[in-house]
Amino acid sequence: MATDRKLPARARVVVIGGGVGGTSIAYHLAELGERDVVLLDRAELTSGSTFHSAGLVGQLRADPTLTRMNTYSAELYAKLEAGANPVGWVPCGGIRLACTPERLQETRRQIGWARTFDLPLREISGAEAEELFPLMSTEGVLGASYLPTDGYVDPSQLTYSLAAGARAGGVRIFTKTRVLGIDLRDGRVHRVRTDSGAIEAEIVVNCGGMFAAEIGRMAGVRVPIVPMSHQYLVTDPVRERDGSHLPTLRDPDNLVYWREEVDGLLMGGYERDSRPWAQSGSAFEAIPSDFNGKLLSEDWDRFTEIGANAEARVPVMGTIGVRRMINGPEAFTPDNEFCLGETEVGGFFVAAGFCAHGIAGAGGVGKVMAEWIVSGDPGLDVSHMDIRRFGKHYGSPSYTRKRVVENYETYYDIPYPHRERSAGRPLRVSPAYSWHVEHGASFGEKSGWERVNHYESNVDGAIPSCDSASLRPHDWAGRNWSPAIGAEHLATRERAGLFDESSFSKISVSGRGAAELLNWLCANDVAREIGAVTYTQALNARGGIECDFTVTRLAEDEFMIVTGTAFGSHDVGWLRRHAGADVRIADVTGQFACFALWGPRARDILAPLTPADLGNEAFPYLTAQETTVGDVPVRALRVTFVGELGWELYCSAEYGAALWRTLWAAGAEHGLVAGGYRAIDSLRLEKGYRLWGSDLSPEVHPYEAGLGFCVKLDKPFLGREALLAARERGLTRKLACLVLDDPRHVVLGSEPVRVDGKVLTRVTSGGYGYSVGASIAYAYLPVELAKPGTRAEVELFGTWVPAVVSKQPLFDARGERVRQ
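So, here is what we can say about the structure in this document. (Residues numbered from 1 in each chain as written. Predicted model: local features only at pLDDT ≥ 70, side-chain atom pairs only at ≥ 80, totals over all residues. Heavy atoms only, no water.)

1. Topic: the overall build of the protein
Part 1 of the reasoning: Along the protein, the regular secondary structure elements total 17 helices and 37 strands.
Part 2 of the reasoning: For 820 residues, the compact-globule formula gives about 28 Å, and the C-alpha radius of gyration of the protein, at 27 Å, lands near that figure.
Part 3 of the reasoning: Dimensions of the protein, computed from C-alpha atoms along their principal axes, come out at roughly 80 × 60 × 55 Å.
Part 4 of the reasoning: When the 820 residues of the protein are sorted by exposure, 61% land in the buried category.
Part 5 of the reasoning: Of the contacts formed within the protein by residues at least 6 apart in sequence, a portion of 72% connects residues at least 24 apart.
Part 6 of the reasoning: With an accessible surface of roughly 29900 Å², the protein has 49% of that area assigned to carbon and sulfur atoms. (Helix = DSSP H or I, 4+ residues; strand = E, 2+ residues; numbered from the N terminus. Rg over C-alpha atoms; globule rule 2.2 N^0.38 Å. Buried < 20%, exposed > 50% of the residue type's maximum accessible area, 1.4 Å probe, protein only. Contact = heavy atoms within 4.5 Å. Areas by Shrake-Rupley, 256 points an atom, 1.4 Å probe, with all protein chains shown as cover.)

2. Things to note about the pattern of salt bridges
Part 1 of the reasoning: By the definition in use, this model includes 48 salt bridges.
Part 2 of the reasoning: Between Arg 493 and Glu 644 there is a salt bridge, with the nearest N and O atoms lying 3.0 Å from each other. In this pair, Arg 493 is assigned in helix 11 (residues 483–494) and Glu 644 in the loop between strand 29 (632–637) and strand 30 (646–652), connecting sequence segments 151 residues apart.
Part 3 of the reasoning: Glu 644 sits in the buried class, given a relative accessible area of 1%.
Part 4 of the reasoning: With a closest N to O distance of 3.9 Å, Arg 495 and Glu 494 form a salt bridge.
Part 5 of the reasoning: The class of Glu 494 is partly exposed, set by a relative accessible area of 44%.
Part 6 of the reasoning: Each of Arg 10, Arg 12, Glu 34, Asp 36, Arg 172 and Glu 202 takes part in a single network of salt bridges with overlapping partners. (Salt bridge = Lys/Arg side-chain N within 4 Å of Asp/Glu carboxyl O.)

3. Overview of the sheet that holds strand 25 (residues 558–563)
Remark on secondary structure: sheet strands pair via backbone hydrogen bonds, oriented parallel or antiparallel.
Part 1 of the reasoning: The 5 strands lie next to each other as 23-24-25-22-26, forming an open sheet whose pairing is antiparallel. Of all the strands in the sheet, just strand 23 (533–539) and strand 26 (584–587) have a single pairing partner and so form its edges. Strand-to-strand twist of the sheet, defined as the mean angle between neighbouring strand axes without regard to direction, takes the value 30 degrees.
Part 2 of the reasoning: The pairing of strand 22 (residues 505–510) with strand 26 spans 4 bridges and is classified as antiparallel. Across the sheet, residue Val 509 finds its bridge partner in strand 26, namely Ile 585.
Part 3 of the reasoning: Sheet contacts for helix 12 (residues 514–521): strand 22, strand 23, strand 24 (545–555), strand 25 and strand 26; angle to strand 25, the most-contacted strand, approximately 35 degrees. (Pairing = 2+ DSSP bridges. Axes fitted to C-alpha atoms, helices over the stretch in contact; angles between N-to-C directions.)

4. Describing the packing of helix 2 (residues 64–81) against helix 8 (residues 358–375)
In a pair of packed helices, the angle between the axes and the distance between the axes together describe the arrangement.
Part 1 of the reasoning: Two numbers describe how helix 2 lies on helix 8: the axes approach to 7 Å, and their chain directions differ by 95 degrees. With respect to their mutual orientation, helix 2 and helix 8 come out roughly perpendicular. Taking contact as the criterion, the partners of Met 69, Asn 70, Tyr 72, Ser 73, Leu 76 and Tyr 77 in helix 2 are, on helix 8, Ile 359, Ala 360, Gly 361, Ala 362, Gly 363, Gly 364, Val 365, Lys 367 and Val 368.
Part 2 of the reasoning: Its residues assigned to classes, the contact of helix 2 with helix 8 shows 9 nonpolar, 5 polar and 1 charged. (Parallel < 35°, antiparallel > 145°, perpendicular 65-115°, else oblique. Nonpolar A, V, L, I, M, F, W, Y, C, P; charged D, E, K, R; others polar.)

5. A short note on the nonpolar core
Part 1 of the reasoning: Counting 48 residues, the largest nonpolar core has Met 69, Tyr 77, Leu 158, Val 205, Leu 340 and Met 369 as its most contacted members.
Part 2 of the reasoning: Contributions of two or more residues to this core are made by strand 1 (10–16), helix 1 (20–31), strand 2 (37–40), helix 2, helix 5 (155–168), strand 11 (197–206), strand 18 (348–352) and helix 8.
Part 3 of the reasoning: Considering each element in turn, this core owes the most residues, 9 residues, to helix 8.
Part 4 of the reasoning: Not counting chain neighbours up to four residues away, the residues in contact with Leu 340 comprise Met 69, Val 350, Ala 351, Val 365, Met 369, Trp 372, Met 385, Asp 386 and Ile 387.
Part 5 of the reasoning: Val 189, Ala 219, Ala 352 and Ile 387 belong to the second largest nonpolar core, which has 37 residues in total. (Core = buried A, V, L, I, M, F, W, Y, C linked by side-chain atoms within 4.5 Å.)

6. Looking at the side chain of Thr 410
Part 1 of the reasoning: Among the structural elements, Thr 410 can be located in the loop between helix 9 (397–409) and helix 10 (433–438).
Part 2 of the reasoning: Not counting chain neighbours up to four residues away, the residues in contact with Thr 410 comprise Arg 272, Arg 419 and Arg 421.

7. Some remarks on unusual backbone geometry
Part 1 of the reasoning: Look at the link from Arg 425 to Pro 426: it is a cis peptide, with omega at -10 degrees.
Part 2 of the reasoning: Along the chain, the position of Pro 426 falls in the loop between helix 9 and helix 10.
Part 3 of the reasoning: Between Gln 808 and the following residue, Pro 809, the backbone shows a cis peptide bond with an omega angle of -10 degrees.
Part 4 of the reasoning: Along the polypeptide, Pro 809 turns up in the segment after strand 37 (799–806).
Part 5 of the reasoning: The phi dihedral of Asp 118 falls on the positive side, at around 60 degrees, and the residue is not glycine.
Part 6 of the reasoning: Relative to the helices and strands, Asp 118 is located in the loop between helix 3 (101–115) and strand 5 (122–124).
Part 7 of the reasoning: Look at Asp 118 and you get exposed, because its relative accessible area is 70%.

8. Focus: helix 1
Part 1 of the reasoning: If you check helix 1, its first and last C-alpha atoms are 16 Å apart, about what 12 residues at 1.5 Å a residue would give, namely 16 Å.
Part 2 of the reasoning: All of the buried residues along helix 1 are Val 20, Gly 21, Gly 22, Thr 23, Ser 24, Ile 25, Ala 26, Tyr 27, His 28, Leu 29 and Ala 30.
Part 3 of the reasoning: Two residues or fewer after helix 1 comes Gly 33, characterised by a positive phi angle close to 95 degrees. (Expected span 1.5 Å × (residues − 1).)

9. Considerations on the pairing of strand 21 (residues 497–500)
Part 1 of the reasoning: Residues Gly 497 and Phe 499 point to one face of strand 21 and Leu 498 and Asp 500 to the other, with burial holding for every one of them.
Part 2 of the reasoning: Sheet analysis places strand 21 next to strand 27 (residues 592–598), joined by 4 bridges and oriented antiparallel. Pairing of Leu 498 across the sheet is with Leu 597, part of strand 27.
Part 3 of the reasoning: With 3 bridges connecting them, strand 21 and strand 31 (residues 673–675) associate as parallel partners. Of the residues in strand 31, the one forming a bridge with Phe 499 is Gly 675.

10. Brief notes about helix 12
Part 1 of the reasoning: Taking burial as the measure, the 8 residues of helix 12 include 6 buried ones, the bulk of the element.
Part 2 of the reasoning: Within the span of helix 12, buried status applies to Ala 514, Ala 515, Leu 517, Leu 518, Asn 519 and Leu 521.
Part 3 of the reasoning: Along its buried surface, helix 12 packs onto strand 22, strand 23, strand 24, strand 25, helix 13 (568–578) and strand 26.

11. Here we look at the packing of aromatic side chains
Part 1 of the reasoning: This model, assessed by the stated rule, comprises 27 aromatic pairs.
Part 2 of the reasoning: When the centroid spacing of 5.5 Å and the interplanar angle of 80 degrees are considered together, the rings of Tyr 411 and Tyr 412 count as edge-to-face. Per residue, the accessibility class of Tyr 411 equals that of Tyr 412, and both read buried.
Part 3 of the reasoning: Arranged with centres 6.1 Å apart and planes meeting at 80 degrees, the rings of Trp 435 and Tyr 455 form a pair that is edge-to-face. (Phe/Tyr/Trp six-rings, centres within 6.5 Å; stacked < 30°, edge-to-face > 60°.)

12. Description of the sheet that holds strand 28 (residues 624–629)
Part 1 of the reasoning: If you walk across this open sheet you meet the 6 strands as 28-29-30-27-21-31, and the pairing is mixed. Looking along the sheet, the strands with just one partner apiece sit at the ends: strand 28 and strand 31. The average angle at which neighbouring strand axes cross in this sheet is 30 degrees, direction not considered.
Part 2 of the reasoning: When strand 29 meets strand 30, the two strands line up antiparallel, connected through 3 bridges. If you follow Leu 637 over to strand 30, its bridge partner there is Glu 648.
Part 3 of the reasoning: Helix 15 (residues 656–667) rests against strand 21, strand 27, strand 28, strand 29, strand 30 and strand 31 of the sheet, and its axis sits at about 15 degrees to strand 27.

13. Here we look at the side chain of Ser 274
Part 1 of the reasoning: By secondary structure assignment, the location of Ser 274 is in the loop between strand 15 (264–269) and helix 7 (304–313).
Part 2 of the reasoning: Here Glu 409 takes part through its side chain, which lies 2.7 Å from a polar atom of the side chain of Ser 274.
Part 3 of the reasoning: With residues near it in sequence (within four places) discarded, Ser 274 still touches Met 228, Arg 302, Val 405, Tyr 408 and Glu 409. (Polar contact = N/O pair within 3.5 Å; in protein donor to acceptor, adjacent residues only side chain to side chain.)

14. Considerations on the packing of helix 1 against helix 2
Part 1 of the reasoning: Close contact between helix 1 and helix 2 brings their axes to 14 Å; oriented N to C, the two are set at 80 degrees. One finds that helix 1 runs roughly perpendicular with respect to helix 2. Of the residues in helix 2, those in contact with Tyr 27, His 28 and Glu 31 of helix 1 are Tyr 72, Leu 76, Lys 79 and Leu 80.
Part 2 of the reasoning: In the contact of helix 1 with helix 2, the residues fall into 4 nonpolar, 1 polar and 2 charged.

Written as structure tokens, this is what we have:
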């Protein structure tokens, strides 16, 4: 296609990268009326990874947002196929095989997810799969799923079609234009320098694919991706074309996938012996400057396992000729999620790290990114794709590589609940880490932190008065479960529990404008007296919940925010996006240890260790004081996330080990138990405490979530007008608490929920409550149904389990225990 010749001196938006991501964003910007857009590519369109992509379009994902994005992609491709520039879209349907009992369970769980999106995914037998894909063998197949609206597309045709649409909307496209540098001014992008001249820009979008990390470094931004060698082959003809199409076929237990390619087959997979490309050791990736439209050398040895598996499933693979082997680099992220959104550099956006499923997501990526650029809001909950989710440790090429390699090699593994990664561990540890190891801690990892899930040493005294084995949940919820979780839960309710929360993100906000900024961003009133602790949400312009945290006022011009372990980078980014020059924002997580002492005997344990008066009048709930505990200076916050009396104790990290030992020794006579995060989650479920990222999201407002008590409409704040409008319209849905009839059926999240036989919603979070002896699930229901007594059903692995909407909270409904 023709491209523009003379680079303009300026443009409002410059998109770097002419692959499927860059052209999709340009296309959608034009659809939104953005006319001053320039797209640059170092060579020709599609010459990075797009031209060698396999082109499969599968819609259903574990993540609701990505499912919606992929579904939109399929709809867009069908629309483009019917237009002037067809994309080679073939809606042939897709089969996913299950060859183990566990995979069949996963299949049934996925079918449940599909119900919540109105996707016609259904379970089929091996024989039915063979009817649809006659070349396959049913040996070892226990079942399968089939989605008739899945398909495949020609990646190059798709890219050129999107580019044509973008040009028709006024976008100017410049190929053979290499970006040499990106200049900043006052913390924002200012100019893009190329080998054809410089162009000033308000917004720059890095869609560089495997080159995105290199482009990011030009702006001082880390994009944590690694190019991985990904191989597939194309066979000679396997059948005569008769106008029909074979569905795509995935066999995750054997690590392989297929789609038809003209009259042959395209077959690839995810081998256990992977190969990063152009990046090794502690150095950044070094992609050759002339690597445009090129492939890597064929690596048949590494393809041996996949080839053998493919022949077993599709026997003709053993006799048919191979037309060609494709070995091309694909950019993968450490968590197999896209890198999207605005970075810490104002106006510098990223859309990269497509992890070999970018063709399926490209339409949705373009739509989300265009809306984000134009309105400042992506319109969907993309927090798990937001580039701001990555902490500073992903600035390390070696750490990033370890995580990416592990992620690639486990691409088709079943994502069991509480599955833990092992690469790059341990990295970030609490000052009490050695103590935890010595006392039998079972660790999980989040954001690089080693966190105690539970202590195996607590198993011996597990769940007094109960047969602990009889409490093991059915199916997947029983995996990685331990009776120690119940022991730690009940000990906290009955006596006291000590929890290491050092991984919780801590953010310092200070300066002359700190109070004004936080009171504008927070729906609650946080600019209160010194020592006040406020639970609040920060909202977007739609009234959706962008952040959920506590704010402690330390001085007239200084505040401390405490948020979830995985949300620190995101929340810092949100704050900085709105802050002026008179506010300083710093992530101080590693500077402080944090230990939570909760339970009815917490005051008895702590009082002998501190000069502070811990009585209700002297130290009320939701206040903070500076004091000492034993020999350690601490900041004590009287807060809770388990619904019990207690304090979170913060100290400078070098005192952490001493503080933990002091608290542990003092608690011995009171029956203190050390607990982990699995017990915390169980305790918070009983109290109805919400979690951001599951119960709360940018698509949910506080009134729907039952957090109206955190909203102060008598002051201005971001999102206030949207909340007023929502309140005027009236609630249509509300977060409800369901108790399942069978306590051993325990939800994992995302299960469909139906009332009177109609699927209405999905589970946001849930688990087992040991104090109330119930299986608990939360879900947004229509407001008229979100009332106690409503009967409902929750689908777990193909079985509909009866449940009832219950009054919240299930435990200590009057909230007396936290104030005792």
